Every structure is written in C-alpha cells, then in structure tokens.
Amino acid sequence: MDIHEYQAKEILGRFGVPTPCGGLAWSPEQVAYQVRQIKEGPFVVKAQVHSGGRGEAGGVKVCKTDEEAHLYAKNLFGMELRTKQTGARGKDVYRVWVEEATDIAKEMYLGFVLDRKSERIMIVASKEGGVEIEQLAEEQPDTLIRMVIDPAVGLVDYQARELAFALGLSGPQIGQMITVLKACHSAYSELDATMVEINPLVITGAGDLLALDAKMSFDKNALYRRPEILALRDSSQEDPREAVASDNGLAYVGLNGDIGCIINGAGLAMATMDMIKLSGGEPANFLDIGGGASPDRVCQAFRTVLSDQNVSVILVNIFAGINRCDWIAEGIVQAYEQLDLKIPVVARLSGTNENEGRNILRMSGLEIKTAETLAEAAELAVAVRTIA
C-alpha cells in the first residue's frame, strides 16, 4: 500500500528525519491559509498523488507570492495528473501540500528496499538526486551505492558513517546523515514497510540535511496489525478494479488484455496467463480467489472482472484442493443469474468434487463452455473471444 508524500514526511519526521515546514490543503482557500502560516515566500505547491515525476507533469511549482500559489492551486485541484508512472489514465488531484521553499546546495538520493536475493533490507543511495531511481540505474549506474543491513544487529553506526563518507559528506553532516539513516531504518522495520525513499535528500545552503520529498510503501499482508497505517490509505489513487477487489478480499491486478481470469492460486494464475498468451490472447487481469472460495466469493470475483469494460470473455481455471469444484460451479451459475452475463464463459474445473461441479454446469442449461485441460481452456477462450 502506498501513501502520499505529506503522510510519509509526517511519519519520517516522527522518527527524526528533518523536513521542510508545510501544511495540507483540500481547496485553494486552504492553500491561501497554509501560505499565510508559512508567512515568507517563495512557496512550493505540490499535488498529492501516488506517482513520481509530478514536477515534469506540472504537479509541482515554486510560487513567489500568495496570489501565485492560490491561482496555481485553483487550476491544480480536480485535474487528472498524468506522469510517466501513471500512464494515460492519470490520477486525480484532491490534496495539495504547501511548504516553504528550500535553498538547495546539493541533491542526493536515499532509499531503503527489500533485497529478495540477500533476504535483507538494502540501502540504495546516490550523490545524484531529484530523478527516478530507475533512470539513475540506467543512465548513471556507477553513482549508486548499495549497502545491506544484517537483521541480527540492524543498522550500525560504522555503516552509516561509511555511507555518509561515500556520499561526500563531512563535518556535522556526518552526524545528521547517521540520524536520517537510523530514522529511516526504524520506520521501515517498525511499520512493516516495503520501501522508504527520500528523493531528493538535500544539503541546504546552510549545510544541513533536509528531506524535500518522501515516499513509503507498506506490506498489505501486515496491515491487519498496523491500523494507523491502514487509516492512511487513499483508495482514490488506486486502480478502481483493484480497490474493489481488495475490499472484498480478492487478489487482483489489472492488465491490458481482454480475457478475464478467475483462478485459484498465484502459481496457477501465472501459468494460465502464460498459456493465454501462448494461444494468441491477452489476459485482462490476474485474479486469485484463494482457497475455500464460497459461491458468493466466486460471484464477487465475476463482478470484479466485469468492472473492466475491455473484458470480452471470462476464463475460470480451478484446480481444487481446499476449494471445491461444486462451490465454484454454483458461483458461476449465481453470477449468470445476478449479473446478467452477456459474454462467453470458459470453465476448466479439476480436483475436489470436479464431477459434481461439471454436472452443476451441465444441468444449469447455461451456455458455459467447458475444457478438460488448461491448454484447451486457453485456446477455447481465445477462439470464442475472436468470434465475439
């Protein structure tokens, strides 16, 4: 789960990361109020959306006067901000962050991520900041500094000093960097984060370190024990299909194809999408209904898949262990009755109670196409899609 810049700054600030003075606004009038609280310009007005590259897309501006900040914010609220990360769909702006402008002497990059290869938290840093880490890795790979943290001892002072030296810091900046690094590591570890990023981390004209922008992402599977983090969720920034699926306990990822997928198990889902592509089709989604799915849960999965207007056929591929094929079949029939399905459905049921499930589909009288194997199901889904 991602959160907004101002939320990440608030969290990191509590752990000891220095950030500029600023305030949140929900309207142009509140922007004017926040500007008066800062008192002296210039001011930085930032659209709060879950995306990088806001500045290049017109979502960040340095305003010299109160009037300029108010006018810019008036045009910003309600706009659909399109960045390199959002793609054509963009993200709507409902919140704006206003902060005091900073005298920047140097920009750096700092990130904490999970390195799955070493199974450790990894620090990624660079003397060059203000650009996306992917761009840095591609264009200036030699500038990246990587450091792995041993979970048994955590981030120790000598590692933090070593990183500070590698970034070219000196004097009081060394101690400040140690504070920033330990604060980020504590926030990452204590809040079940999957990513903490400060970009840019700047050296001000006075020689101090300051986090001008911040991002944090969190492990969705740990949110049940982090209600204070879950409360920061902004579903307006999420894919509407994925938001609905998440609210109903379904694992869903929207894709760009037209073959809707309802499958149990992530591995089977990946194999099914591969088989669809091998058969000449394109999957519209990844949807895992999980184990022990009831008919109601299956019906909700259909509703979620159908929320994508591009879907022209639905492929149900179930290999039942904990699940039961008869429950899945009942859910398919229920979906036809409740959702007034107009597109073809291909079902491949295998495993627990598969004969009962197939019999339910056969006795329903519905034109549900069935298949014995995954390859046959994928080919059939592509064929009926083409006919449709």
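Coordinates for the structure precede this section.
Model, not experiment: these values are computed from the prediction.

Enquirer: Lay out the packing of aromatic side chains in plain terms, naming residues and giving numbers.
Expert: Applying the stated criterion across every chain yields a total of one aromatic pair. Where Y6 meets W97, the ring centres are 6.1 Å apart and the plane angle is 15°; that geometry is what we call stacked. Of the two residues, Y6 is situated in helix α1 (residues 5–15) and W97 in strand β6 (residues 96–100); the sequence distance between them amounts to 91 residues. Each member of the pair Y6 and W97 is classed as buried.

Enquirer: Mind laying out the side chain of T204, listing which residues take part and the relevant values?
Expert: Note on placement: T204 falls in strand β10 (residues 193–204). On the accessibility criterion, T204 (12% relative accessible area) is buried. Apart from residues no more than four positions distant in its own chain, T204 is found in contact with T102, D103, A105 and L210.

Enquirer: Go over the sheet that holds strand β2 (residues 43–47), please, and point to the residues and values.
Expert: Ordered in space as β1-β6-β2-β3, the four strands form an open sheet in which the pairing is antiparallel. Strands with a single pairing partner mark the edges of an open sheet, and in this sheet they are β1 (22–25) and β3 (60–63). Recorded for the sheet is a direction-independent mean angle of 20° between the axes of neighbouring strands. Bridge count between β2 and β3: four bridges; the pairing is antiparallel. Bridging from a neighbouring strand, F43 pairs with C63 of β3. This element, helix α2 (residues 28–38), spans β1, β2 and β6 of the sheet and lies at about 20° to β6. Strands in contact with helix α3 (residues 66–76) are β2, β3 and β6; relative to β3, the strand with the most contacts, it is inclined by about 160°.

Enquirer: Explain helix α10 (residues 295–306) to me, using residue names and the numbers behind them.
Expert: Here α10 contains twelve residues, and its C-alpha end-to-end distance of 17 Å stays within 8% of the 16 Å for a straight helix at 1.5 Å per residue. What α10 keeps buried is the set P295, V298, C299, Q300, A301, F302, T304 and V305.

Enquirer: Just give me the short version of the pattern of salt bridges, but keep the residues and values in it.
Expert: In total, this model carries 19 salt bridges according to the counting rule given. Ionic pairing is found between D326 and R324, a salt bridge with its closest N-O pair at 2.6 Å. Each member of the salt-bridge network shares a partner with another, and the members are E5, K9, K46, R54, E99 and D213.

Enquirer: Would you mind going over the environment of Y252 in detail, with residue names and values included?
Expert: In this fold, Y252 is placed in strand β13 (residues 251–254). Considered as a pair, Y252 and V305 are 53 residues apart in the sequence and their alpha carbons are 8.9 Å apart.

Enquirer: Hey, could you go over the nonpolar core for me, with residue numbers and the actual values?
Expert: Burial of nonpolar side chains together is a common tendency in soluble globular proteins. Among the nonpolar cores identified, the biggest contains 43 residues, and L110, F112 and M216 are the most heavily contacted of them. No other element matches helix α6 (residues 172–190), which puts nine residues into this core. Here F112 is in contact with I121, M122, I123, I149, L181, C184, H185, Y188, T194, M195 and V196, once residues within four sequence places are set aside. L250, I314, C325 and A329 belong to the second-largest nonpolar core, a separate cluster that totals 32 residues.

Definitions and cut-offs
- As a convention, each chain's residues are numbered from 1 in the sequence order in which they are written.
- Predicted model: local features are reported for residues with pLDDT of at least 70 only, side-chain atom pairs are reported and counted for 80 or more only, and whole-chain, interface and lining totals are derived from all residues.
- Calculated side-chain values reflect all of the structure's heavy atoms, with hydrogen atoms and water omitted.
- Ring pairs shown here join Phe, Tyr and Trp side chains whose ring centres sit within 6.5 Å, with only the six-membered ring taken for Trp; geometry is labelled stacked below 30 degrees between planes, edge-to-face above 60, and tilted in between.
- We count a stretch as a helix when DSSP gives it H or I for four or more residues in a row; a strand needs E for two or more, and each element gets its number in order from the N terminus.
- Residue exposure (1.4 Å probe, protein chains only): buried if accessible area is under 20% of the type maximum, exposed if over 50%, otherwise partly exposed.
- Only heavy atoms matter for contacts: two residues are in contact if any of them lie within 4.5 Å across the pair.
- Note: two strands are recorded as paired if DSSP finds a minimum of 2 bridges between them.
- Angles here are taken between N-to-C directions and fall from 0 to 180 degrees, while the axes themselves are lines fitted to C-alpha atoms, restricted in helices to the stretch in contact.
- For a helix, the expected span equals 1.5 Å multiplied by the number of residues minus one.
- By definition here, a salt bridge exists when the distance from a side-chain nitrogen of Lys or Arg to a carboxyl oxygen of Asp or Glu is within 4 Å.
- Within this scheme, the nonpolar core is defined by two criteria: the residues are buried Ala, Val, Leu, Ile, Met, Phe, Trp, Tyr or Cys, and they are joined through side-chain atoms within 4.5 Å.

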